[in-house]
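Here are the chains, one letter per residue:
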Amino acid sequence: MLTSGINFKNFEIKKKISLVKKNLNSILKKKNEVMISLSQDYKNSFDKHFLYKYKKSLNYRIIGMGGSTLGTHAIYDFLNHKIKKKFKFIDNLQTNLFKDKKKFTNLIISKSGNTIETIVNVNILIKKKDKNIFITENKSSYLYNLAKKLKSDIVHHNNYIGGRYSVLSEVGMLPAELMGLKAKNFRQLNNLINNKDFFNALVSNVNSTLYFIKKKKFNSIIINYDERSENLFNWYQQLIAESLGKKNKGLLPIVSNMPKDNHSVMQLYLDGFKNNFFTFFHVAEKRSKKINSKSILSSQNYLKNKNLSQIIFAQKKATENVFKKKRIPFRSFEILNRDEKTLGELFCFFILETILIGQTMKLNPFDQPAVELIKKETKKLLI
């Protein structure tokens, strides 16, 4: 057990790097802004009175790019069974984008306040009758100045927390509160650092990942058996790629959604090149549609009285068994509770893992210098 809500089976590589444990202790002691945002010590820059103004809204729109929306989208999909409000995510430039006649509460999120795609989408979408909340740094920028002009509420984006690490700050927790969820239930670091199983699994996991990198296995493939976790791994994909992809180093995170990918890329995973390592991810569903046993032909009797969850779990176990026989390296997450606490624990695990890998590889996991080059080049071409 990783925690009470997560069964975790680590890679079977037993490779110890003493520096990993030392680095983890150092990260936890420093208590930088990212670490604080994962804990109960973090103070939101909004309060309950602020939320009351917007909680009666039924339709919300999250407008942003990358880390400004990915974490919130992960929360919305993973915990959708608990959420009664409707949230739309505008997280790309779309040629077919059109104004919706509904009245929305828009959450416009950009750390810098100058993200070009967000500026364009805001220009096309927001209407006079909409309510608007801007989450951006407390400094002059296009979106900050627009918010002032529209007399909209501004929630300050902590300038020490980059977008991909911001899910448990205002960026993710303000929308979560509007969804009817509780921010304090996500912030689990205080409990986790006293959990020896969590601590040891994290260190062992990073040791294994560094071993794979040394052996030139650079593809980290997520074998995802939960459709409501697809956006969790889109968030994870950005976290890993943007944090570690620098100085000719890094990992390529690939999200593979099952069981449909059994019928496309699984052949490659099993018998193709061997520079991959894998993460299996499954959520135990308590309610799942049952097979109509009366309609099943006798040749497929083994499907009778089964539900979708049982079939998916059998496919996951079967794939793990084949991977084991073929000695293909994998770890496995089995989620027992689909709630805020468990999702918060996963956010903590993946964020700590990423920072720890980066620091052990002597990379700065908090910047993204190459992406800034494209932003500057795009602006030059549009002037």
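You'll find the structure just up there.
Residues numbered from 1 in each chain as written. Predicted model: local features only at pLDDT ≥ 70, side-chain atom pairs only at ≥ 80, totals over all residues. Heavy atoms only, no water.

**Things to note about the pattern of salt bridges**
For side chains bearing opposite charge, pairing can occur when the charged atoms are close. Counted by the stated rule, this structure contains 20 salt bridges. The closest approach of N and O atoms between Glu353 and Arg331, which form a salt bridge, is 2.7 Å. Remark: Arg331 occurs in strand β10 (residues 330–335) and Glu353 occurs in helix α14 (residues 340–360); sequence separation between them is 22 residues. The two residues Glu353 and Arg331 agree in class, both being buried. The structure contains a network of salt bridges with shared partners spanning Asp226, Arg228, Glu285 and Arg338. (Salt bridge = Lys/Arg side-chain N within 4 Å of Asp/Glu carboxyl O. Helix = DSSP H or I, 4+ residues; strand = E, 2+ residues; numbered from the N terminus. Buried < 20%, exposed > 50% of the residue type's maximum accessible area, 1.4 Å probe, protein only.)

**Description of the environment of Tyr52**
In this structure, Tyr52 sits in helix α3 (residues 48–52). For the pair Tyr52 and Ile312, spaced 260 residues apart in the sequence, the C-alpha separation amounts to 41 Å.

**Some words on the packing of aromatic side chains**
By the definition in use, this model includes 27 aromatic pairs. For the pair Phe233 and Phe350, a centre-to-centre distance of 6.2 Å together with 65 degrees between the ring planes defines the contact as edge-to-face. Of this pair, Phe233 sits in helix α11 (residues 230–244) while Phe350 sits in helix α14, and the two are 117 residues apart along the sequence. Phe233 sits in the buried class, given a relative accessible area of 0%. With 5.3 Å between their ring centres and 70 degrees between their planes, Tyr269 and Phe278 make a pair best called edge-to-face. A relative accessible area of 6% places Tyr269 in the buried class. Through a chain of ring-to-ring contacts, the aromatic side chains of Phe8, Phe198, Phe233, Tyr236, Phe281, Phe333, Phe349 and Phe350 assemble into a single cluster. Arg61 extends its terminal NZ or CZ atom over the ring of Phe104, reaching a point 4.0 Å from the ring centre. (Phe/Tyr/Trp six-rings, centres within 6.5 Å; stacked < 30°, edge-to-face > 60°. Lys NZ or Arg CZ within 6 Å of the ring centre and 35° of its normal.)

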